[in-house]
Amino acid sequence: MKLPFTTEQFFNIIEKYNLTLFPFQLIILLLGIVCLFLLHSKLSLKDKLIGIYLGILWIWIGVAYHLTFFTAINKAAFLFGGIFILQGLLILFYSFTKNRLVFTFTLQVNDYLGYFFILYGLIIYPIISYLVEGSFEKTIIMGLPCPSTIFTFGLFMLTNNKFPKSLLIIPSLWAVVGLSAAINIGVFQDIMILVTAITADIILIRRKNK
């Protein structure tokens, strides 16, 4: 699929995002690390705190990246922004109204896979991006769509049997978009987004809700 923008235009947008919004990227990254500690804590509010982070993360990407920057080179970003905001609102809804996002780490194989996906989106992805691009300004980091989606799938895999499967729809659709970026503009670390989506979808869809 031919993209409506060039590789140079894409990374110019990443650069503008990073320079304009610094240091929010680092705050988002640090809060993601906090979520890892919350996963292992016995804090009664840990599930809601992780849910708040994920919900705001998706809303942030919809507004701060898609609608504010990405629309300059791709008008489809108006749609992308809307669905990212919707995903964020759904995560917040299930975190507070339904209490169906409960995060656990039970030392099972699937949990370790989920943990790896979290670390990939949080740490490994931006390291690869920095090494390839050679500058912080063009590094794709948490708070941007693809690493954040991988991180989200990882956390979803660490939920219990109350997990609402409808939350898989938008991230899975975005995984297809992310794959097109890997193919067309050489962001090859994005290949993991499809692997993550397929793995998480298979595991979570086969799970019986309680």
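Up top is the structure.
Residues numbered from 1 in each chain as written. Predicted model: local features only at pLDDT ≥ 70, side-chain atom pairs only at ≥ 80, totals over all residues. Heavy atoms only, no water.

Enquirer: I tried to follow the overall build of the chain on my own but got confused; where do I start?
Expert: The helix and strand inventory of the chain stands at eight helices and zero strands. Written out in order from the N terminus, the α and β elements of the chain read α-α-α-α-α-α-α-α. By its C-alpha atoms, the chain is 45 × 35 × 30 Å across when sized along the principal axes. Expressed as a percentage of its 210 residues, the buried residues of the chain come to 51%. Within the chain, contacts between residues separated by at least 24 positions form 76% of all contacts whose residues are at least 6 apart in sequence. Split by element, the accessible area of the chain, about 9,800 Å² in all, is 71% carbon and sulfur. Within the chain, one finds 15 positive and 8 negative side-chain charges whose respective centroids are separated by 17 Å. (Helix = DSSP H or I, 4+ residues; strand = E, 2+ residues; numbered from the N terminus. Buried < 20%, exposed > 50% of the residue type's maximum accessible area, 1.4 Å probe, protein only. Contact = heavy atoms within 4.5 Å. Areas by Shrake-Rupley, 256 points an atom, 1.4 Å probe, with all protein chains shown as cover. Lys, Arg positive; Asp, Glu negative; His and termini not counted. Charge placed at Lys NZ, Arg CZ, Asp CG, Glu CD.)

Enquirer: Is there a simple way to think about the packing of helix H2 (residues 24-39) against helix H3 (residues 46-67) in this case?
Expert: Helix packing for two helices is described by the angle between their axes and how far apart those axes are. The N-to-C vectors of H2 and H3 enclose an angle of 150°; their axes lie 10 Å apart at closest approach. With respect to each other, H2 and H3 are oriented roughly antiparallel. Here the hand of the crossing between H2 and H3 comes out left-handed. Here H2 contributes Phe24, Ile28, Leu31, Gly32, Cys35, Leu38 and Leu39 to the contact with H3, which in turn contributes Lys46, Leu49, Ile50, Tyr53, Leu57 and Trp60. Among the residues forming the contact of H2 with H3, the class breakdown is eleven nonpolar, one polar and one charged. (Axes fitted to C-alpha atoms, helices over the stretch in contact; angles between N-to-C directions. Parallel < 35°, antiparallel > 145°, perpendicular 65-115°, else oblique. Left-handed = near helix turned anticlockwise from the far one by under 90°. Nonpolar A, V, L, I, M, F, W, Y, C, P; charged D, E, K, R; others polar.)

Enquirer: Got a minute to help me understand a nonpolar patch on the surface in this structure?
Expert: A cluster of nonpolar side chains, contributed by Phe116, Ile123, Ile124, Ile127, Ile128, Tyr130, Leu131 and Val132, occupies part of the molecular surface with about 700 Å² of accessible area. Following the sequence through the fold, Tyr130 ends up in helix H5 (residues 109-133). (Patch = residues over 30% accessible without salt bridge, like charges linked within 9 Å, V, L, I, M, F, W, Y side chains within 5 Å. Salt bridge = Lys/Arg side-chain N within 4 Å of Asp/Glu carboxyl O.)

Enquirer: I'm lost on the nonpolar core in this one. Help?
Expert: One broad trend across soluble globular proteins is that nonpolar side chains are buried collectively. Core analysis: the largest hydrophobic core is formed by 65 residues, its most contacted members being Phe10, Leu39, Tyr65 and Phe151. The greatest single-element share of this core, amounting to eight residues, is contributed by H3. Among residues more than four places away in sequence, those in contact with Phe151 are Gly32, Cys35, Tyr53, Leu54, Leu57, Phe117, Ile118, Gly121, Leu122 and Met142. (Core = buried A, V, L, I, M, F, W, Y, C linked by side-chain atoms within 4.5 Å.)

Enquirer: Teacher, can you tell me more about the side chain of Gln25 here?
Expert: Locating Gln25 in the fold gives a position in helix H2. In terms of polar contacts, Gln25 uses its side chain to reach the backbone amide nitrogen of Phe22, at 3.4 Å. Leave out the neighbours within four places in its chain, and Gln25 touches Tyr17, Asn18, Phe136, Ile141 and Met142. (Polar contact = N/O pair within 3.5 Å; in protein donor to acceptor, adjacent residues only side chain to side chain.)

Enquirer: Help me understand helix H7 (residues 169-184) in this model?
Expert: Side chains of residues three or four places apart in an α-helix project in the same direction, reflecting 3.6 residues per turn. Spanning 16 residues, H7 covers 23 Å between terminal C-alpha atoms, matching the ideal 22 Å at 1.5 Å per step. Among the residues making up H7, those that are buried are Ile170, Pro171, Ser172, Trp174, Ala175, Gly178, Ser180, Ala181 and Ala182. Positive backbone phi, at 75°, marks Gly186, one or two positions downstream of H7. (Expected span 1.5 Å × (residues − 1).)

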